[in-house]
Amino acid sequence: MYLKRLDIQGFKSFADKIDMHFEGGITGVVGPNGSGKSNISDSIRWVLGEQSPKSLRGSKMEDVIFAGTTSRRPVGMAEVSLTLDNTSQMLPIDYGEVTITRRVYRSGESEYYLNKSSCRLKDIRELLMDTGIGKEGYSIIGQGKIDEILSSKPEDRRLIFEEAAGIVKYKNRRDEAEKKLSSTKDNLSRVADILHELE
Ligand code: ATP
């Protein structure tokens, strides 16, 4: 599985639609300071569900929308689509290509799509779980990330190994099952109370 294409429109410095096609192997992005190299990696993290404006070098989510320049009016929407080659079927979905799209409007309204069908962020997170690609995955190593990993608490570092070992989805399912179990227990005890009152 590899990153095949990235389509960006209205995101940060990319006012116009651009599409980048990647081949397997290594791709380098070069350009002068401030030309938008880091905005490309920001767009990848954003489309994968990043929720923190700070880690996208902004103060609020609206900052990812092209804010205009002296010669260009701001736009009202940012959209990024990331296409992964899935011929290896690493992602458990019956498509050879998987396109994840995220769109945000100035009103704050946000939308996610999986192969052009509207979906929830949760669906994208579940699909990418244990692949290392997700927002918390180790496939995007930003500046300072290595230091952060080395100096983080052993429990935090363990999360990276768990993702690589492919057990995060099982842990998540266990947590969800435990939550359901606990709410069922609450309901049962409420029913027992009602029965007791009726007796
Ligand atoms: P360097 O090599 O110095 O790290 P870079 O090529 O990585 O630079 P970026 O940090 O990706 O550059 O891009 C910074 C540029 O993006 C700045 O010119 C900034 O004004 C522009 N920019 C960021 N957010 C927006 C936005 N919402 N609207 C318009 N332009 C934006």
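Look up a bit, the structure's there.
This write-up is about the structure you can find in this document. For clarity, every value in this text was computed on a predicted model and none was experimentally measured.

Definitions and cut-offs
- Starting from 1, residues in each chain are numbered consecutively following that chain's sequence as written.
- The predicted nature of this model means local features are confined to residues of pLDDT at least 70 and side-chain atom pairs, given and counted, to a pLDDT of 80 or more, with totals for whole chains, interfaces and linings taken over all residues.
- A run of H or I in DSSP becomes a helix once it reaches four residues, and a run of E becomes a strand once it reaches two; helices and strands are each numbered from the N terminus.
- Atoms counted for the radius of gyration: C-alpha only. Globule rule: 2.2 Å times the number of residues to the power 0.38.
- Any residue whose C-beta has 12 or fewer other C-beta atoms within 10 Å is treated as exposed, any with 20 or more as buried, and any in between as partly exposed, C-beta atoms being built from the backbone.
- The contact criterion used is a C-beta to C-beta distance within 7 Å, with each C-beta placed from the backbone.
- The criterion for a residue being near a molecule or strand is simple: its C-beta atom, placed using the backbone, must lie within 6 Å of it.
- Ten residue types, Ala, Val, Leu, Ile, Met, Phe, Trp, Tyr, Cys and Pro, are classed as nonpolar, four, Asp, Glu, Lys and Arg, as charged, and the remainder, Gly among them, as polar.

### Comments concerning the overall build of the protein chain
In terms of helices and strands, the protein chain carries five helices and six strands. Starting at the N terminus, the α and β elements of the protein chain follow one another as β-β-α-β-β-β-β-α-α-α-α. Taking 199 residues into account, the globule formula puts the C-alpha radius of gyration at 16 Å, and the protein chain, at 21 Å, lies well above it. With respect to the three principal axes, the spread of C-alpha positions in the protein chain is 80 × 40 × 40 Å. Expressed as a percentage of its 199 residues, the buried residues of the protein chain come to 17%. Long-range pairs, those at least 24 residues apart, make up 52% of the contacts in the protein chain with a sequence separation of at least 6.

### Here we look at the site of the ligand
Close contacts around the ligand come from 14 residues, with Asn33, Lys37, Ser38, Asn39 and Ala67 the closest. Its residues placed into classes, the shell around the ligand shows three nonpolar, eight polar and three charged.

### So, the environment of Tyr113
Tracing the backbone through its elements, the reader meets Tyr113 in strand β5 (residues 110–114). Here Tyr113 falls in the partly exposed class, since 17 other C-beta atoms lie within 10 Å of it. Measuring from C-alpha to C-alpha, the distance between Tyr113 and Met1 comes to 19 Å, with 112 residues separating the pair along the chain. Those residues in contact with Tyr113 that sit more than four places away from it in its chain are Thr101, Ser118 and Cys119.

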